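Here are the chains, one letter per residue:
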Amino acid sequence: MKKLINDPEQVVNESIEGFAAAHRDQVTAHFDPTWVVRNDAPVPGKVGIVSGGGSGHEPLHAGFIGPGMLDAACPGEVFTSPVPDQMQPATKAVDGGAGVLHIVKNYTGDVANFEMAAELAEAEGTRVRSVVIDDDVAVQDSSFTAGRRGVGGTVLAEKILGAAADKGYDLDQCADLLERVNNQVRSMGMALTPCTVPQAGEPTFELEEHEMEIGIGIHGEPGRERMPLESADAITQRLVNAVVEDLPFRRGDEVLLFVNGMGATPLMELYIVYRAAERLLADHGITVVRNLVGDYITSLEMAGASVTLLKMDDELTQLWDAPVKTPGLRWGM
Amino acid sequence: MKKLINDPEQVVNESIEGFAAAHRDQVTAHFDPTWVVRNDAPVPGKVGIVSGGGSGHEPLHAGFIGPGMLDAACPGEVFTSPVPDQMQPATKAVDGGAGVLHIVKNYTGDVANFEMAAELAEAEGTRVRSVVIDDDVAVQDSSFTAGRRGVGGTVLAEKILGAAADKGYDLDQCADLLERVNNQVRSMGMALTPCTVPQAGEPTFELEEHEMEIGIGIHGEPGRERMPLESADAITQRLVNAVVEDLPFRRGDEVLLFVNGMGATPLMELYIVYRAAERLLADHGITVVRNLVGDYITSLEMAGASVTLLKMDDELTQLWDAPVKTPGLRWGM
Amino acid sequence: MPIDAAVVTAAVRSCADVIAEHRHELTKLDSAIGDADHGTNLHRGFQAALVRLPDPGDALPADVLKAVSMALVSKVGGASGPLYGTAFLRAAGAVDGAEHLDASQVADALAAALAGVQQRGKAELGDKTIVDALSPAVDAARASVDAGGGAREALRAAADAAAEGAEATIPLVARKGRASYLGERSAGHKDPGATSTTLLIQTLAEQEGCEA
Amino acid sequence: MPIDAAVVTAAVRSCADVIAEHRHELTKLDSAIGDADHGTNLHRGFQAALVRLPDPGDALPADVLKAVSMALVSKVGGASGPLYGTAFLRAAGAVDGAEHLDASQVADALAAALAGVQQRGKAELGDKTIVDALSPAVDAARASVDAGGGAREALRAAADAAAEGAEATIPLVARKGRASYLGERSAGHKDPGATSTTLLIQTLAEQEGCEA
Ligand SMILES: Nc1ncnc2c1ncn2[C@@H]1O[C@H](COP(=O)(O)OP(=O)(O)O)[C@@H](O)[C@H]1O
Ligand SMILES: Nc1ncnc2c1ncn2[C@@H]1O[C@H](COP(=O)(O)OP(=O)(O)O)[C@@H](O)[C@H]1O
Ligand SMILES: [Mg+2]
Ligand SMILES: [Mg+2]
Ligand SMILES: [Mg+2]
Ligand SMILES: [Mg+2]
């Protein structure tokens, strides 16, 4: 395991310390339990937006704290959902009187821990609504299973909900909007290499030089299928087609195209994927009206990429374009 | 070689096509020769800022095109400096009547090609001034050698010069400022893994599991020294001390601390390095007044990091804080 | 020796030791079909539990179980934190007020733990989860008690049944938890949670003092 | 057969073939002490040169050399593009107006190429660069001509001297080019540029028609 770390047990604490130091004008970190909050929280009258999840996906989530996006984030251990003890103070701290929205990725652990946290917060008098993001089309959806994972769509959801809360949406409107975003967003990812959880010390799986994993999530897990490595165009076609067919996105749709790097993939390669994806969508009669290209929801040092499509309309476009000022995503201020 | 590419010969073209498509509202790409320019060039009366260099360092340089930073960039083949045929039309296109500044990294090829380009531009009536960035303290400076490489300082220089040109600095003032920035900035980098140039197909060097390279540049080359892997804190100490002692930075200095990822290093690890660096600087009596943490000048999928320090003053701080709107660096607009 | 707070406390300590010892093995299982953290997660939780154990002198067995529950919920995270946390909380509820536990109460505690896990996690037998070890364990313990066995026998029966249940997860295609994302590829691997459940029940079955 | 534009053109084609053949080897050398692109760079340049070669029917040797120079400058990039581009440009200048080249003009062209490389690159003998192959080649060619040798002998002498010069770069610590960044670690590797220079001169020495 080759990593720029001191102690596998301390990676989360130390990186959050560094993060909070680098952005001390904007955020404050609390430890044991660990949560990070914007300095001007709570914003009176605004719905507080809280997210969280395992660490190792940076900049998600703490990197998205700031005006126009999250009010607080709860980083768990690497690839391990946070515990209710973290969500409880975070939720309380960002309640400006309008209640708090929890944006939860659909993993058994995340859902259960956020559920317990919401129960605790409600008991203390904070109104909480939770919406679960499950946009990963690689996983078959079924009521008999854990369902689909929450992946790339989460980044878009956090941006859009942050803007909505800023615009004065109330808690129920925020929850409804988040559900709508989740219903209109789909993702699929692939990996060229595994990654190594610091505390495990060994790669999560082994891949031959000419193999890839298709249908991966964001936790270094193997995907739905292992197959021979293909060209960027062919891989992109697999991802785009799976995403388009799932919703389905239709001729005439306007979308936000998000090409996300899993961590180790050079930006150069992400733009090669973007090029292919935009062309394929044009063939489907789908227009890309907004885009995002880069490493926003990662899997440590995994090499690979994911494609996310969000069906856009005027409301979503306005919310997407609204100013945002976070360490990981910033425009308009 | 595992990469998200189609054809090793086409990686630069295809990624620039994707880049230009993703940012078509802001930039236009020209091919054969390849150069990328902001859509509103030339900005009348403003000094044009042009940079360029080998590809594989993304977002540098094309990712920094836009208001407040570069007017045009010339991407060479991977790790190969661009040719005068590229700089010539780029330079002409951004000359708004106030001349053009070339920001050149100190490599034999970059310097020679930009030199030829400047001669050609001057012959065509465009005033050009070139300044060479050579901030890498890993390389011993000497008039008998090629001198020091231009590395992380380039990112800071491009931001600051873009702001200066926006503020109305004339060509000579820009060149003087760039020289001043170059005199006040120092960098040092290290690698945990090599990278693979697509056209070469094989890693640039081999490293054992417990080894690292100290004193690397940004071209996948081995560093000054190979040594046993150390903790993030110990590695950061090596980088910071080398940088501090070189200028030297002194007690009471205010600096911009730039922790840069080489490509594959998770943001989590960069913040662990940031944490260590800020503490070490505090021990030296040096105050971090601005910072930048992330992958801004990369070496394909190399894992590793570099530390850059720029001595700040009121002028530089104001220019750093000025609005910038590029795909790779954005704030204030 | 009755199963009092001191015995339960000793059992928790033994569990912490066993998890510490097997944590790499559990993480390795989780690496195959999950995200390589199950051993690390439980180890963190049981270490936290050790610190929070009440003084057995002024505590009931339920207090000890509740302290473990709190530690697991607030330190483990992931899927297993809330699930095991709920299991211990429900077990505590099942023996609320008791100063020492007899065989039947032990079986009740296990049954309550299972009910809690299923309520939180919605998993059925055969989904390749903790339930696949815990559910047969509950049945075996109850059967042993019904046949007149003591706590030691009930726990031994439970441990054997859990082990068998955990082995039986190998060919299963997961329907709950992270392994479900792998679809067919989850078959051929033993479930980490069923394995840790087995280790914990085996530890209780070996615990000195569990003779009631 | 005099060394006219047709022979020079044929020589350029041979050079392109040789570089194509050795490009991986050159890139590999560059990978050890540079950035793994020297072979790729030169190959791109010589392929571009092939496309731009003038019709030998209406061209002088200098025109052919100039076309190669332009192609290298506008397609190679890196250090070697401007250096080789300047070399060919200066070689063209040295034989300006000549319809065919005699042995002395060949030696002059090599000398002019060296002067161009040194003016652009500021490298001295022993800096572990192109100069280490080209400089002894120039001396050997001149000596051969002075001793009454023809173009073929001069080029053979130059090729041998270049090869020796390139071998001699192995122990050197680089002072110019990318390899200089490695400091002491650059010793023990053959310089890619000196190697490609040797290949080019060897190709000229073997070229059919270079008998003048
Ligand atoms: N819904 C569920 N019901 C019961 N057990 C479950 C459920 N989901 C997951 N598990 C158990 O949790 C184990 C994984 O725990 P752990 O690795 O700590 O959490 P995570 O999956 O969040 O990383 C699985 O092996 C499985 O036995
Ligand atoms: N200043 C110089 N003078 C002469 N030759 C040089 C000089 N700098 C570099 N070279 C030659 O250029 C070669 C490298 O060329 P190439 O790999 O194409 O360019 P780059 O170093 O820009 O990647 C070196 O092996 C060396 O022989
Ligand atoms: Mg986990
Ligand atoms: Mg190069
Ligand atoms: Mg797990
Ligand atoms: Mg090179």
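Residues numbered from 1 in each chain as written. Chains lettered and ligands numbered in written order. Predicted model: local features only at pLDDT ≥ 70, side-chain atom pairs only at ≥ 80, totals over all residues. Heavy atoms only, no water.

Asks: Would you mind showing me how to read the overall build of chain C here?
Replies: From N to C terminus, chain C includes 8 helices and 0 strands. Across chain C, helices and strands are ordered from the amino to the carboxyl terminus as α-α-α-α-α-α-α-α. Relative to the compact-globule value of 17 Å for 212 residues, chain C shows a C-alpha radius of gyration of 16 Å, a close match. Scored against the burial criterion, the 212 residues of chain C give a buried share of 60%. Restricting to contacts in chain C with at least 6 residues of sequence separation, those with at least 24 account for 68%. Total accessible area computed for chain C in this model is approximately 7,700 Å², and 54% of it derives from carbon and sulfur atoms. (Helix = DSSP H or I, 4+ residues; strand = E, 2+ residues; numbered from the N terminus. Rg over C-alpha atoms; globule rule 2.2 N^0.38 Å. Buried < 20%, exposed > 50% of the residue type's maximum accessible area, 1.4 Å probe, protein only. Contact = heavy atoms within 4.5 Å. Areas by Shrake-Rupley, 256 points an atom, 1.4 Å probe, with all protein chains shown as cover.)

Asks: Honestly, the site of ligand 1 in this entry has me stumped. Any pointers?
Replies: Lining the immediate surroundings of ligand 1 are 21 residues, of which C:Asp35, C:Ala79, C:Ser80, C:Gly121 and C:Asp191 lie closest. Around ligand 1, the neighbouring residues derive from chains A and C rather than from a single chain. Between ligand 1 and the protein, one listed contact pairs an oxygen atom with a side-chain N or O atom of C:Asp35 at 2.8 Å. C:His38 has a polar side-chain atom sitting 2.9 Å from an oxygen atom of ligand 1. Protein chains shield 96% of the accessible area of ligand 1, which is 560 Å² for the free molecule. Those elements that place two or more of their residues in the shell around ligand 1 are helix H2 (38–52), helix H4 (80–94) and helix H8 (192–206) of chain C. A total of 3 residues in the shell around ligand 1 trace back to one element, the largest contributor, which is H8(C). (Near = heavy atom within 4 Å. Polar contact = N/O pair within 3.5 Å; in protein donor to acceptor, adjacent residues only side chain to side chain.)

Asks: Quick question: what am I supposed to make of the site of ligand 2 here?
Replies: Surveying the vicinity of ligand 2 reveals 22 residues, the closest of which are D:Asp35, D:Ala79, D:Ser80, D:Gly121 and D:Asp191. Residues lining ligand 2 come from chains B and D. In this structure, an oxygen atom belonging to ligand 2 sits 2.8 Å away from a side-chain N or O atom of D:Asp35. The set of elements that each furnish at least two residues to the shell around ligand 2 consists of helix H2 (38–52), helix H4 (80–94), helix H5 (103–121) and helix H8 (192–206) of chain D. For the shell around ligand 2, the element with the most residues is H8(D), which contributes 3 residues.

Asks: What am I meant to see in the nonpolar core here?
Replies: Here is a general trend for soluble globular proteins: nonpolar side chains tend to be buried in one another's company. In terms of nonpolar packing, the biggest core is built from 215 residues, with A:Leu101 and B:Leu101 touching the most fellow members. Tallying contributions element by element places helix H7 (residues 267–283) of chain A first for this core, with 10 residues. Excluding its chain neighbours within four sequence positions, the residues that come into contact with B:Leu101 are B:Val47, B:Gly48, B:Ile49, B:Val50, B:Arg129, B:Val131, B:Leu161, B:Leu171, B:Cys174, B:Ala175 and B:Leu178. (Core = buried A, V, L, I, M, F, W, Y, C linked by side-chain atoms within 4.5 Å.)

Asks: Quick question: what am I supposed to make of the side chain of C:Ser180 here?
Replies: Note on placement: C:Ser180 falls in the loop between helix H7 (151–167) and H8. From its side chain, C:Ser180 meets the backbone oxygen of C:Gly177 in a polar contact 2.6 Å long. Ignoring sequence-local partners within four residues, the contact set of C:Ser180 consists of A:Ala146, A:Arg224, C:Ala174 and C:Arg175.

Asks: What is the right way to look at H7(A) in this model?
Replies: Side chains three or four residues apart in an α-helix point the same way, a direct result of the helix having 3.6 residues per turn. All names here are of chain A. In this model, H7 (17 residues) spans 24 Å end to end at C-alpha, consistent with the 24 Å of a helix rising 1.5 Å per residue. Counting buried positions along H7 yields 14 of 17 residues, so the element is predominantly enclosed. Of the residues flanking the end of H7, it is Gly285, one or two places downstream, whose phi is positive at about 80°. (Expected span 1.5 Å × (residues − 1).)

Asks: Please explain the coordination of the magnesium ion (ligand 3) as it appears in this structure.
Replies: Geometry sets the ideal angles at a metal, namely 109.5 degrees for four tetrahedral donors and 90 or 180 degrees for six octahedral donors. Protein-derived coordination of the magnesium ion (ligand 3) comes from A:Phe79 (O), C:Asp35 (OD) and C:Asp37 (OD), at a distance range of 2.1 to 2.4 Å. A separation of 3.4 Å is found between the magnesium ion (ligand 3) and the magnesium ion (ligand 5), which share C:Asp35 as a coordinating residue. Placement of A:Phe79 in the loop between strand S4 (72–78) and helix H2 (84–93) and of C:Asp37 in the loop between helix H1 (5–33) and H2 is noted, with the two residues assigned to different chains. Judged by relative accessible area, A:Phe79 falls into the buried class, the value being 0%. A residue is classified by how much of its surface remains accessible, and C:Asp37, at 7% relative accessible area, is buried. (Donors = N, O, S within 2.8 Å, 3.2 Å for Na, K, Ca; no water.)

Asks: Got a minute to help me understand the coordination of the magnesium ion (ligand 5) in this structure?
Replies: Within the first shell, the magnesium ion (ligand 5) binds the protein through C:Asp30 (OD), C:Asp35 (OD) and C:Asp37 (OD), at distances of 2.0 to 2.2 Å. If you list the donors of the magnesium ion (ligand 5) from N- to C-terminus, the spacing comes out as D-x4-D-x1-D.

Asks: Where do I start with the relation of the copies chain B and chain A in this structure?
Replies: Two chain copies here: they are related by a rotation about an axis and a translation along the same axis. It takes a turn of 180° to lay chain B on chain A, together with a shift of 0.0 Å along the axis; the resulting RMSD is 0.0 Å. Look at the turn and shift together and you get a two-fold axis relating the two. When C-alpha positions in chain B are compared against the rotation axis, the closest is assigned to B:Ala264, at 1.9 Å. The share of interface residues of chain B whose copies in chain A are also at the interface is 100%, consistent with both copies meeting through the same surface. (Least-squares fit on C-alpha atoms with pLDDT ≥ 70 in both.)

Asks: Just checking my understanding: could you explain the interface of chain D and chain B for this structure?
Replies: Many structure descriptions define interface size as the accessible area lost when the parts assemble. Each partner contributes residues to the interface: chain D has 30 residues there, and chain B has 39 residues. The contact between chain D and chain B buries some 2,700 Å² in all, and 51% of this surface belongs to carbon and sulfur atoms. Counting across the chain D and chain B interface gives 5 salt bridges. Among the ionic pairs, D:Arg185 bridges to B:Glu213, the shortest N-O distance being 2.6 Å. Between chain D and chain B we count 14 residue pairs in polar contact (both at pLDDT 80 or more) in total. The leading source of residues in the side of chain D that touches chain B is helix H1 (residues 5–33) of chain D, at 4 residues. Looking at the side of chain D that touches chain B residue by residue, the classes come out as 8 nonpolar, 12 polar and 10 charged. (Buried area = accessible area lost by both parts, 1.4 Å probe. Salt bridge = Lys/Arg side-chain N within 4 Å of Asp/Glu carboxyl O. Nonpolar A, V, L, I, M, F, W, Y, C, P; charged D, E, K, R; others polar.)

Asks: Could you clarify how one ought to interpret the sheet that holds strand S5 (residues 100–105) of chain B in this entry?
Replies: Strand pairing in a sheet takes place through backbone hydrogen bonds and is either antiparallel or parallel in direction. Residues and elements named next belong to chain B. Taken in spatial order, the 6 strands of this open sheet run S1-S2-S4-S3-S5-S6, and their pairing is mixed. Sheet topology places strand S1 (27–30) and strand S6 (128–133) at the edges, where each strand pairs with a single neighbour. Neighbour-to-neighbour, the strand axes of the sheet open up by a mean angle of 20°, direction not taken into account. Two strands pair when backbone bridges link them, and strand S2 (residues 35–38) and strand S4 (residues 72–78) are joined in this way by 2 bridges, in the antiparallel orientation. Within the sheet, the bridge partner assigned to Val37 lies in S4 and is Ala72. (Pairing = 2+ DSSP bridges. Axes fitted to C-alpha atoms, helices over the stretch in contact; angles between N-to-C directions.)

Asks: How should the pattern of salt bridges be read in this particular structure?
Replies: Any two side chains of opposite charge can pair, on the condition that their charged atoms come close. Enumeration over the complete set of coordinates arrives at 68 salt bridges over all chains. Among the salt bridges present, the one from C:Asp127 reaches C:Lys176, with a minimum N-O distance of 4.0 Å. Separated by 49 residues along the polypeptide, C:Asp127 in the loop between helix H5 (103–121) and helix H6 (131–146) and C:Lys176 in the loop between H7 and H8 bring together distant segments of the chain. Take C:Asp127 and C:Lys176: they sit in the same class, and that class is buried. One salt-bridge network, in which partners are shared between bridges, spans A:Glu14, A:Glu17, B:Arg275 and B:Arg279.

Asks: Looking at this model, I keep getting lost on the sheet that holds strand S12 (residues 304–311) of chain A. Mind explaining?
Replies: Residue and element names in this part refer to chain A. Across the sheet, which stays open at both edges, the 6 strands sit in the order S9-S8-S7-S12-S10-S11 with mixed pairing between neighbours. What marks the edges here is a single partner per strand, and that holds for strand S9 (225–228) and strand S11 (287–294). Going across the sheet, the axis of each strand differs from the next one's by a mean of 20°, ignoring polarity. Taken together, the 2 bridges between strand S7 (residues 185–191) and strand S8 (residues 211–214) define a ladder with antiparallel strand orientation. Within S8, the residue paired with Ala191 across the bridge is Glu213.

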